[in-house]
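Descriptive structure summary
These are the residues of each chain, in order.
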Amino acid sequence: MGSVDYPKGKRLVGKVALITGAARGMGASFARAMVAQGGSVIVGDVLDEQGLAVEAELGDATVYVHLDVTSRSDWQHAVDVALARFGKLNILVNNAGILATGSVAEFPPDEWDRVIAVNLTGAFNGIQATLPALKASTPASIINISSTAGLKGYGGLVGYTASKFGLRGLTKAVALDLGDSGVRCNSIHPGAVITPMTDGIDMAQSHVAMKRPGHPHELAHLAVFLASDESSYCTGAEFVADGGEMAGLATLTVSS
Ligand SMILES: NC(=O)c1ccc[n+]([C@@H]2O[C@H](COP(=O)([O-])OP(=O)(O)OC[C@H]3O[C@@H](n4cnc5c(N)ncnc54)[C@H](O)[C@@H]3O)[C@@H](O)[C@H]2O)c1
């Protein structure tokens with residue numbers, strides 16, 4: 001992933017972003033893309049070794065913090081680090097997420113609680129914890145990483161799908177609450193993307209228009225747009241990057 005060329009520019013000069021789940025996968029890609037555009041990034045995750053490696057790769061523009069999104073004290077610490085190190089916070093990316101498979105009849109209640117706690121309550125915790133700092137550094141942007149599973153149902157993904165629909169709804173309520181405060185809030189809905197989360201999952205995508213999975217940097221460019229002031233009139237909206245998955249079924253099997 002480090003070999004991907006992230007366009008260098010000035011689109012995020014003067015901006016400070018806190019990205020959760022940024023030690024690997026899409027979150028690390030968002031960090032790389034934002035630093036390439038002149039931004040500073042607080043890399044939050046529970047994977048300390050990998051998070052510190054991202055910090056070492058990206059240098060002075062980043063700092064790693066141990067941030068379990070289910071812990072409100074971890075959130076406060078992350079905001080304190082952002083303000084101490086960079087003096088402000090303009091961007092929050094609620095990217096941390098976990099996948100748990102299982103259909104409704106046998107899905108364990110403790111798995112349900114865990115998925116909702118990380119994927120949905122974690123984002124709520126983050127918005128509450130960062131809001132004073134975001135409001136003090138407008139224009140500011142909250143980006144919630146939902147999924148196509150926040151737009152349509154998937155069999156065998158009961159908790160995940162519910163959490164991602166919830167995150168989409170949270171996005172709209174927050175956008176309305178924050179109104180003209182200068183803090184915007186939008187959701188990104190990736191289709192199947194090659195990351196550690198999708199290791200071992202069939203990524204053929206023959207049912208999707210583009211017939212291939214996405215790569216993290218293809219989502220990172222979208223995140224840079226929403227983080228920057230280029231998206232100044234966007235709030236409460238859904239941004240889909242899914243190779244055409246939501247357009248409908250690309251293949252129709254007809255038996256003759
Ligand atoms: N990969 C896909 O196909 C896909 C598709 C749609 C949406 N998404 C979403 O994109 C986001 C990023 O996923 P990814 O594919 O890069 O997966 P990933 O597993 O590579 O990254 C997720 C990161 O979140 C971190 N994390 C997990 N629990 C945490 C917690 N309690 N606190 C803080 N960090 C925590 C993990 O350590 C990991 O670094 C997730 O929200 C995921 O649901 C992924």
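The preceding data block contains the structure.
Now for a look at the structure at hand. Not measured: the values here are computed from a predicted model.

Looking only at helices and strands, the protein chain features six helices and seven strands. Here the protein chain has a C-alpha radius of gyration of 18 Å; the compact-globule value for 256 residues is 18 Å, and the two agree. Taking the principal axes of its C-alpha atoms as reference, the protein chain extends roughly 65 × 40 × 40 Å.

Moving on, we get to the site of the ligand. For the ligand, the set of nearby residues contains 28 residues, the closest of which are G21, G25, G97, T195 and M197. The leading source of residues in the shell around the ligand is helix α1 (residues 25–36), at three residues. Grouping the amino acids of the shell around the ligand by side-chain chemistry returns 15 nonpolar, 10 polar and three charged.

This paragraph deals with the packing of helix α3 (residues 72–86) against helix α4 (residues 109–136). In the contact formed by α3 and α4, the axes pass within 9 Å of each other and the chain directions differ by 30°. With respect to α4, the element α3 is oriented roughly parallel. Handedness of the α3/α4 crossing: right-handed. Contact with α3, carried on its side by R72, W75, Q76, V79, A82 and L83, involves N125, G126, A129, T130 and A133 of α4 and no other residues of that element.

What follows concerns the sheet that holds strand β7 (residues 238–241). In space, the seven strands of this open sheet follow the order β3-β2-β1-β4-β5-β6-β7, with parallel pairing throughout. The open sheet has two edge strands, β3 (62–66) and β7, and neither has a second partner. Strand-to-strand twist of the sheet, defined as the mean angle between neighbouring strand axes without regard to direction, takes the value 20°. In the packing of α4 onto the sheet, the strands contacted are β1 (16–20), β4 (91–94), β5 (140–145) and β6 (183–190), and the crossing angle to β4 comes to about 175°.

A separate point is the environment of H217. Relative to the elements of secondary structure, H217 occurs in helix α6 (residues 216–227). Take H217: there are 18 C-beta atoms within 10 Å of it, and that puts it in the partly exposed class. Leave out the neighbours within four places in its chain, and H217 touches V4, Y6, S29 and A33.

Judged by nonpolar contacts, the single largest core of 66 residues is most densely connected at F30, A31, M34 and A223. Per element, the largest residue contribution to this core is eight residues, and it comes from α4. When residues no more than four places from it in sequence are discounted, the contact partners of F30 are I19, A22, V93, N95, A220 and A223.

In this structure, A31 sits in helix α1. With 157 residues separating them in the primary sequence, A31 and I188 have C-alpha atoms 16 Å apart. The contacts of A31, once residues within four sequence positions are left out, are I19, A22, V41, V43, V54, L58 and T62.

Counting buried positions over the eight residues of β6 gives eight, a clear majority of the element. The alternating pattern of β6 places V183, C185, S187 and H189 on one face and R184, N186, I188 and P190 on the opposite face, and all of these are buried. Relative to β6, β5 is paired through six bridges, and the arrangement is parallel. By the bridge assignment, I145 is partnered in β6 with I188. Each parallel crossover has a hand, and for β5 linked through helix α5 (residues 158–178) to β6 it is right-handed. Pairing of β6 with β7 involves four bridges; the strand directions are parallel. When the sheet's bridge partners are listed, H189 is paired in β7 with V240.

This next bit is on unusual backbone geometry. P139 follows T138 through a cis peptide bond whose omega is 0°. Checked against the element boundaries, P139 lands in the loop between α4 and β5. For Q205, which is not glycine, the phi torsion reads 60° and is therefore positive. For Q205, the location among the structural elements is in the loop between β6 and α6. Positive phi is not limited to glycine here, since K211 has a value of about 55°. Here K211 lies in the loop between β6 and α6.

Before going further, it helps to spend a moment on α4. Helix length check: α4 (28 residues) gives 40 Å between terminal C-alpha atoms against 40 Å at 1.5 Å per residue, within 8%. Most pronounced at T130, the bend in α4 amounts to some 50°, and the proline P132 follows within four residues.

How each quantity is defined
- In this numbering scheme, every chain counts its residues from 1 along its sequence in written order.
- Residue-level local features of this predicted model are given only where pLDDT is at least 70; pairs of side-chain atoms are given and counted only at 80 or more, and the full residue set underlies all totals for whole chains, interfaces and linings.
- For the purposes of this entry, the term helix denotes a DSSP run of H or I that reaches at least four residues, the term strand denotes a run of E that reaches at least two, and both are numbered from the N terminus.
- We compute the radius of gyration from the C-alpha atoms alone; for a globule the expected value is 2.2 Å times N to the 0.38, where N is the number of residues.
- Only the C-beta atom matters for nearness: placed from the backbone, it must lie within 6 Å of the molecule or strand for the residue to count as near.
- When residues are grouped by polarity, Ala, Val, Leu, Ile, Met, Phe, Trp, Tyr, Cys and Pro land in nonpolar, Asp, Glu, Lys and Arg in charged, and all others, Gly among them, in polar.
- Whenever a helix is involved, its axis is fitted only over the stretch in contact; in every case the axis is a line through C-alpha atoms, and angles between N-to-C directions fall within 0 to 180 degrees.
- Each angle is binned into one of four classes, with values under 35 degrees roughly parallel, values over 145 roughly antiparallel, values of 65 to 115 roughly perpendicular, and all other values oblique.
- By the definition used in this description, the sense in which the near helix is turned from the far one sets the handedness, with an anticlockwise turn below a right angle giving left-handed and a clockwise turn giving right-handed.
- For the purpose of contact definition, each residue receives a C-beta atom placed from its backbone, and two residues are in contact when these atoms lie within 7 Å.
- When DSSP locates at least two bridges between a pair of strands, those strands are taken to pair.
- Put simply, a residue is buried when 20 or more other C-beta atoms lie within 10 Å of its own C-beta and exposed when 12 or fewer do; between those, it is partly exposed, and each C-beta is set from the backbone.
- As used throughout, a nonpolar core is a set of buried Ala, Val, Leu, Ile, Met, Phe, Trp, Tyr and Cys residues joined through C-beta atoms within 7 Å of each other.
- For crossovers, right-handed means that the path from the first strand over the helix to the second runs clockwise, given strands pointing away from the viewer.
- Residue count minus one, scaled by 1.5 Å, sets the expected span of a helix.
- By definition, a residue's bend is the angle between the axes fitted to the seven residues ending there and the seven starting there.

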